[in-house]
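# Chain and residue survey
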Amino acid sequence: MVRSLGLNRAASRMLLMGMLAVPVVWLLYRYLPLARSPLPTQDLPALRAVPLAGGQAAPEIHVQERQDPVLPQQLPVLTSMTARGWSPVICDRNRQLRKVTLPSPFGQMSLYVYDSFEDDSLLSQDFLKGKYFERKEMAQFLNLSRNLPLIDLGANVGLVTMQAALQGRQVVAVEPIPGNALRLCRSVLDSGHAHLVHVAQNAVSSQEGNVTLALTEPERNPRTQYKVMEPAAQGREHTVVYSIHVDRLLDWLPFKKAALKIDVESYEGHALAGAELLFQKVDIPLVWMEWQHVKSLKDYGGPFIISFMQRHHLDPYNVMTAKALSTKDYLNWPFTVLWRKSGWTPPV
């Protein structure tokens, strides 16, 4: 047929190859639909604004929602977010660290702490003596929330996180200080709780990016307790870390309902300003919060936190007595406060 068209041998060969290629391409298109699927696209960040008390607006919150969140079994125990995204952090198991065993209502708890008085003259020294701060209040909160996974903001070396793990609960802990996060990670691995606990080595704030953490009490806590300052600046009593919105945890949070513990050294309001979407997408019926240092702050203080909690149907209670607290008297509330969602009932 091709010769009847008056074509030379080379042209005839090219024509025959083209004719044979047509059915092959059609078969690929018909039976291999993945080959013609469009390339995946990235979701654009969604803007969220958190209203403040008095009609002001908190900084806009940018949240990138993932269509394919990482499954819990794919998560490393220790991870961190930077401007480039989430990445695993090496949990150095060869480094020599001091280990203590403490009693708790849920069993013996092992923690890695700071060995010397010079490194930490407060928390670790108490742990080395077999005691710790707010023991009864902590036990009460952990007992009330025992049927829920836990989000632990300001985990330090893991006092609350490790007790929750002893209860068999899933925990997402957030801790900005590398030395604290390393000790918590080691405690998780050594106790066999890597399937339950995941640690994000980040600060939480109303803004994302590098921030400066300043020691709360340099003479007492040379390494373990910091508060966020602006702008980022390294110094003897300062360390620079990457701060995230709490909403960023939604990238890989492995549960849809949880209790929340928040103790971030007077930055609780700033942390909540970056948690609006988390409270919308995750059912959080209980929040345990340190109140003493944040209640009287002008920005993101008591009035802002009360407004935030009320918007999410959470009411304040005394942790130990379960007595409702009056929002008009918030300056006289106890050191720690338990927020309970309206209609929530304690487990039997």
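Before any of the text, the structure's been laid out above.
Residues numbered from 1 in each chain as written. Predicted model: local features only at pLDDT ≥ 70, side-chain atom pairs only at ≥ 80, totals over all residues. Heavy atoms only, no water.

## Structural notes on the sheet that holds strand β14 (residues 259–262)
With mixed pairing, nine strands are arranged side by side in an open sheet as β4-β3-β9-β8-β7-β14-β15-β17-β16. Each having just a single partner strand, β4 (85–88) and β16 (314–318) make up the two edges of the open sheet. Sheet twist, expressed as the mean angle between neighbouring strand axes with direction ignored, is 20 degrees. Where strand β7 (residues 150–153) and β14 come together, four bridges link them in parallel fashion. Residue pairing in the sheet places L153 in a bridge with I262 of β14. This element, helix α3 (residues 135–144), spans β7, β14, β15 (286–290) and β17 (336–341) of the sheet and lies at about 165 degrees to β15. (Pairing = 2+ DSSP bridges. Helix = DSSP H or I, 4+ residues; strand = E, 2+ residues; numbered from the N terminus. Axes fitted to C-alpha atoms, helices over the stretch in contact; angles between N-to-C directions. Contact = heavy atoms within 4.5 Å.)

## Notes on helix α8 (residues 302–311)
Within α8, burial applies to G302, F304, I305, I306, F308 and M309. The positive-phi residue at the C-terminal boundary of α8 is H313, with phi of around 65 degrees. (Buried < 20%, exposed > 50% of the residue type's maximum accessible area, 1.4 Å probe, protein only.)

## A look at helix α4 (residues 159–166)
Counting buried positions over the eight residues of α4 gives seven, a clear majority of the element. Residues of α4 that are buried include every one of L159, V160, T161, M162, Q163, A164 and A165, and no others. Remark: G168 follows α4 within two positions and exhibits a positive phi of approximately 80 degrees.

## Quick word on the pattern of salt bridges
For side chains of opposite charge, pairing can occur when their charged atoms come near one another. The tally for this structure, following the rule as stated, stands at six salt bridges. The salt bridge involving K261 is made with D152; its shortest N-O contact spans 2.8 Å. Here the residue K261 occupies a position in strand β14, and D152 occupies one in strand β7, the gap between them amounting to 109 residues. There is no split in this pair, since K261 and D152 are both buried. Put simply, D283 and K341 hold a salt bridge, and the shortest N to O gap is 3.0 Å. In this pair, D283 is assigned in the loop between α7 (276–281) and β15 and K341 in strand β17, connecting sequence segments 58 residues apart. What makes D283 partly exposed here is its relative accessible area of 30%. A residue is classified by how much of its surface remains accessible, and K341, at 23% relative accessible area, is partly exposed. Connected through shared salt-bridge partners, K257, D283 and K341 make up one network. (Salt bridge = Lys/Arg side-chain N within 4 Å of Asp/Glu carboxyl O.)

## Side note on the packing of aromatic side chains
Summed over all chains, the structure comprises eight aromatic pairs. Measuring from centroid to centroid gives 5.7 Å for F141 and W288, while their planes differ by 20 degrees, and the two rings are stacked. Here the residue F141 occupies a position in helix α3, and W288 occupies one in strand β15, the gap between them amounting to 147 residues. Each of the two residues, F141 as well as W288, counts as buried. Centroid distance F304 to F308: 6.4 Å. Interplanar angle 40 degrees. Geometry classified as tilted. Of the two residues, F304 and F308 both sit in helix α8, four residues apart, roughly one turn of that helix. (Phe/Tyr/Trp six-rings, centres within 6.5 Å; stacked < 30°, edge-to-face > 60°.)

## Details of the nonpolar core
Within the largest apolar cluster, 43 residues are counted, with the highest numbers of intra-cluster contacts made by L249, V287 and W339. Element by element, the count of residues in this core is highest for α8, at five residues. Sequence-distant contacts of W339, that is, excluding residues within four places in its chain, are made with P285, L286, V287, M289, W291, I305, I306, M309, L314, D315, P316 and W333. Core analysis: the second largest hydrophobic core is formed by 38 residues, L78, L111, M162 and L286 among them. (Core = buried A, V, L, I, M, F, W, Y, C linked by side-chain atoms within 4.5 Å.)

## Some words on the environment of E175
Here E175 lies in the loop between β8 (171–174) and α5 (178–190). Its relative accessible area of 4% is what places E175 among the buried residues. Distance in space between the C-alpha atoms of E175 and Q201 is 5.1 Å, their sequence separation being 26 residues. The residues touching E175, leaving out its near neighbours within four places in the chain, are G154, A155, N156, N180, A181, A200, Q201 and N202. Polar side-chain contacts of E175 include one of 2.6 Å to the backbone nitrogen of N156. (Polar contact = N/O pair within 3.5 Å; in protein donor to acceptor, adjacent residues only side chain to side chain.)

## Comments concerning the state of the cysteines
Throughout this description, disulfide means a covalent bond between two cysteine sulfur atoms. With the rule as written, the count across this model stands at one disulfide. A sulfur-sulfur distance of 2.2 Å marks the disulfide that ties C91 to C185. On the sign convention where negative is left-handed, the bridge of C91 and C185, at about -135 degrees about the S-S bond, is left-handed. Taken as a pair, C91 in the loop between β4 and β5 (98–102) and C185 in helix α5 lie far apart in primary sequence, 94 residues in all. Accessibility assignment for this pair places C91 and C185 in one class, buried. (Disulfide = S-S within 2.5 Å.)

## Concerning the pairing of β8
On β8, burial covers both faces: V171 and A173 on one face and V172 and V174 on the other are all buried. Assessed by its sense of winding, the connection that carries the chain from β7 through α4 to β8 is right-handed. As paired elements, β8 and strand β9 (residues 197–200) share four bridges and run parallel to each other. Note that in β9 the partner of A173 across the bridge is V199. Of the crossover connections in this fold, the one passing from β8 over α5 to the parallel β9 is right-handed. (Right-handed = clockwise from strand over helix to strand, strands pointing away.)

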